Amino acid sequence: MNPYVLTVLLSSLGLGTTLTFASSHWLLAWMGLEINTLAIVPLMAQHHHPRAVEATTKYFLTQATAAAMILFASTTNAWITGEWDMNNMSNPIASTMIITALALKIGLAPMHFWMPEVLQGLDLLTGLILSTWQKLAPLALIVQTAQAIDPMLLTALGLTSTLVGGWGGLNQTQLRKILAYSSIAHMGWMLIVLQYAPQLTLLALLTYIFMTSAAFLTLKVSSATKVNTLAVVWSKSPVLTATTALVLLSLGGLPPLTGFMPKWLILQELAKQSLPLTATVMALAALLSLYFYLRLCYAMTLTISPNTTAATTPWRAQTTQASLPLALFTTMALGLLPVSPAIVMLVT
Amino acid sequence: MAVSRKALKALSGVYGVTHRQPLFFPSKLGCSAILSTRSVFERDYRRPGQPPDTRWPWQKIHFDFSKGVEGIKKHIGLLKDEFVQRWTGPEGRPLLEHMLEQTRVQWEFRGPESLDQWVVSSDQEIGGHSVAYTKLGKNNTTCFLYGSLCSTPPRDGETRYSGYCTLRSKQPLASFDRKKTYDWSSFNTLHMRIRGDGRPWMVNVSAETFFSHQRDDIYSYFLYTRGGPYWQDVKIPFSKFFLSSRGRIQDNQHVLWLDKVKSIGFTLGDKADGPFQLEIDFIGLCNDLAHTEEFAYELYKRNPEV
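Fair warning: this is a prediction, and the values are worked out from it, not measured in the lab.

Thresholds applied
- Residues numbered from 1 in each chain as written.
- Chains lettered and ligands numbered in written order.
- Predicted model: local features only at pLDDT ≥ 70, side-chain atom pairs only at ≥ 80, totals over all residues.
- Heavy atoms only, no water.
- Helix = DSSP H or I, 4+ residues; strand = E, 2+ residues; numbered from the N terminus.
- Rg over C-alpha atoms; globule rule 2.2 N^0.38 Å.
- Buried < 20%, exposed > 50% of the residue type's maximum accessible area, 1.4 Å probe, protein only.
- Contact = heavy atoms within 4.5 Å.
- Areas by Shrake-Rupley, 256 points an atom, 1.4 Å probe, with all protein chains shown as cover.
- Lys, Arg positive; Asp, Glu negative; His and termini not counted.
- Charge placed at Lys NZ, Arg CZ, Asp CG, Glu CD.
- Buried area = accessible area lost by both parts, 1.4 Å probe.
- Salt bridge = Lys/Arg side-chain N within 4 Å of Asp/Glu carboxyl O.
- Polar contact = N/O pair within 3.5 Å; in protein donor to acceptor, adjacent residues only side chain to side chain.
- Core = buried A, V, L, I, M, F, W, Y, C linked by side-chain atoms within 4.5 Å.
- Domains from an automatic or database assignment.
- Expected span 1.5 Å × (residues − 1).
- UniProt positions renumbered as here; feature names shortened; annotations may be inferred.

**Remarks on the overall build of chain A**
- Counting its secondary structure elements, chain A contains 16 helices and zero strands.
- Here the C-alpha radius of gyration of chain A, 20 Å, is about what a compact globule of 348 residues would show, namely 20 Å.
- On the principal axes, the C-alpha backbone points of chain A span a range of 65 × 50 × 35 Å.
- Expressed as a percentage of the 348 residues in chain A, the buried residues total 56%.
- Partitioning the contacts of chain A with sequence separation of at least 6, the portion at a separation of at least 24 is 78%.
- Carbon and sulfur atoms make up 73% of the accessible area of chain A, which amounts to about 13700 Å² in all.
- Between the mean site of the 13 positive side-chain charges and the mean site of the 8 negative ones, chain A shows a separation of 20 Å.

This is how it looks when you write it as structure tokens:
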């Protein structure tokens with residue numbers, strides 16, 4: 001892509017999220033979300049492949065629907081209460097509509113159906129931006145409006161997302177779809193604790209960003225989009241294979257890796273709030289996700305596939321690839337659990 | 001001068017909205033006797049030459065309780081299988097089997113029910129005179145596609161070329177008639193065993209197209225048959241398939257993504273009138289490890305800056 005166009009698009013992405021972060025008026029927040037949507041559309045369709053264009057169209061339609069719902073809900077709230085301020089969502093219809101729209105924006109179940117299809121049609125870097133950066137602005141809005149939303153609805157969204165994310169990812173052989181279902185499940189974990197400890201939501205978001213970035217960047221380096229390709233990565237870069245396995249287990253929430261930290265703190269908070277059943281269901285749903293992460297680890301590291309990949313791309317060493325982001329995110333995805341007390345102090 | 005088909009459709013649409021001329025009420029307007037029996041909401045394609053279907057929608061329904069019960073049993077059984085298969089692995093098989101798979105026979109014609117998965121059609125749909133039929137070959141082990149091509153265009157004032165016939169597979173359906181797609185991403189070559197009569201056919205693979213502007217996208221390649229009593233093993237890598245839309249080869253070429261394949265088809269349109277035959281033993285897929293090409297067609301910059 002033309003570097004000037006790329007600069008404009010990436011700056012617009014940054015601008016949109018920053019606008020939403022900085023806003024307390026619903027219209028400005030909506031504008032930030034729309035700038036984000038419009039800026040990422042050319043990035044998604046840059047390869048002009050029919051599937052990329054299809055993914056872009058699906059993404060645009062869902063995001064535009066969600067943005068229209070946000071506008072409608074905020075206008076309704078302004079009409080009834082006279083307030084455009086985000087902290088004054090006192091109308092229940094407006095607040096329910098807002099959370100539904102924001103759930104559609106970030107792909108929470110049951111508004112998640114677009115997510116695997118869209119991620120499958122994109123290349124890995126754009127998929128990474130979609131899974132990480134595009135979630136920041138809607139989550140900021142959810143955190144700000146959480147106290148006005150029905151707690152049962154938040155709990156239902158969180159539980160459903162975790163269960164659907166685990167169930168849906170079980171039989172996927174396409175890695176981008178697996179990461180999409182992983183994203184849905186992690187969003188569920190973020191939402192379940194929102195009403196009790198929003199700082200844990202932010203912590204879960206940060207750790208999710210590190211782990212997902214590490215996963216996407218590893219797949220980009222190994223040019224792997226299917227489980228079968230992942231099975232032969234060990235012969236190309238053995239060290240990366242080992243660290244990728246650990247990153248996947250971190251996504252699954254196993255100690256002593258970073259991914260254990262948010263899950264542990266969230267379960268602890270749920271137990272403190274006298275919600276043992278919710279905590280048990282969340283832990284059991286996490287097992288479903290862990291199963292498909294383990295399956296990927298098994299395919300990649302615990303077996304030696306007799307097949308060799310026929311594609312030339314993995315053989316070609318990409319000398320111009322920047323390795324610093326991958327190294328950084330992998331380290332953070334694996335090694336932050338021992339510093340949990342410091343992180344908890346920083347966040348709370 | 002014949003009225004163009006589009007004008008006829010527009011007129012019939014207008015009349016169809018205002019009144020539907022069924023069996024009960026004779027048409028009052030002379031010229032609308034033919035046009036007014038078509039409704040804009042008709043979804044079934046009407047082949048030229050066939051009389052229009054003037055029945056009311058409720059007359060088209062054949063309500064049968066036992067058919068309903070069988071349908072419910074079948075679909076609930078399929079849904080239950082889908083849930084249970086999840087515990088085994090992708091597509092109901094263990095992951096190891098998926099990872100080790102290097103060949104797969106997708107279609108083999110071993111009984112009359114195998115022909116139900118295929119649709120044969122010819123240019124009779126647009127008023128041409130070609131005919132095409134399928135039957136099972138010797139010992140019910142092959143699919144025998146035969147017929148006769150006729151490239152005389154239909155006399156409707158707008159069609160200039162004719163003379164084709166095609167055999168296309170139906171899209172697989174999940175429970176409750178939801179459309180499913182094949183996942184051929186573990187493979188890179190199409191392997192068929194066929195016996196033709198020397199005519200050049202085209203193999204068309206259609207990927208899943210969600211939006212209407214992609215509905216006519218088809219990836220095609222040529223299949224040259226050698227006439228004769230000997231079977232022919234044809235291996236076509238998927239990297240060779242080129243993209244065409246409504247029969248027009250596109251300038252922007254893209255590789256066929258194999259994770260969602262809808263159907264495969266064979267088309268004959270070689271402008272040679274007369275009988276044709278094609279016998280297919282099986283259609284399968286294989287992973288040719290020696291084939292490293294990702295896409296056979298280079299894209300060059302059109303309108304380069306000078």
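**Re the interface of chain B and chain A**
- Residue-level contacts link 35 residues of chain B with 37 residues of chain A.
- The contact between chain B and chain A buries some 3100 Å² in all, and 55% of this surface belongs to carbon and sulfur atoms.
- Considering only the surface of chain B that becomes buried against chain A, Arg86(B), Met99(B) and Trp257(B) emerge as the three largest contributors, covering 24% of it.
- Run the count over chain B and chain A and you get two salt bridges.
- In this structure, Glu117(A) and Lys260(B) form a salt bridge, with 2.3 Å as the shortest nitrogen-oxygen distance.
- Inspection of the chain B/chain A interface yields 14 residue pairs in polar contact (both at pLDDT 80 or more).

**Focus on the pattern of salt bridges**
- Applying the stated criterion to the full structure yields 18 salt bridges over all chains.
- One salt bridge connects Arg93(B) with Glu91(B), and the closest N-O pair in it is separated by 3.4 Å.
- The partly exposed category is assigned to Glu91(B), whose relative accessible area is 41%.
- A network of salt bridges, in which partner residues are shared, links Glu54(A), Lys58(A), Glu117(A), Lys177(A) and Lys260(B).

**Re the nonpolar core**
- In this structure, Trp26(A), Val118(A), Leu130(A), Ile142(A), Leu175(A), Leu230(A) and Ile266(A) are the most contacted members of the largest nonpolar core, which totals 104 residues.
- Take this core: its biggest share by element is 13 residues, from helix α10 (residues 198–222) of chain A.
- Viewed by domain, this core spans two of them, domain 1 (1–149) and domain 2 (200–307 + 323–347) of chain A, each represented by three or more residues.
- In this structure, Leu145(B), Leu243(B), Phe266(B) and Phe276(B) belong to the second largest nonpolar core, which totals 39 residues.

**Describing helix α12 (residues 238–252) of chain A**
All names here are of chain A.
- For α12, built from 15 residues, the straight-helix expectation of 21 Å at 1.5 Å per residue is met to within 8% by its first-to-last C-alpha distance of 21 Å.
- What α12 keeps buried is the set Leu240, Thr241, Thr244, Ala245, Val247, Leu248, Leu249, Ser250, Leu251 and Gly252.
- Against the buried residues of α12 lie α9 (175–192), α10, α13 (260–272), α14 (276–302) and α15 (324–335).
- Once α12 finishes, Gly253 follows within two positions and takes phi at roughly 90°, a positive value.

**Comments concerning the UniProt feature "domain: NADH:quinone oxidoreductase/Mrp antiporter transmembrane" (unreviewed entry) in chain A**
- Those residues carrying the UniProt feature "domain: NADH:quinone oxidoreductase/Mrp antiporter transmembrane" (unreviewed entry) are residues 23–288 of chain A in this numbering.
- For residues 23–288 of chain A, the end-to-end C-alpha separation is 38 Å, with 75% helix and 0% strand making up the annotated structure.

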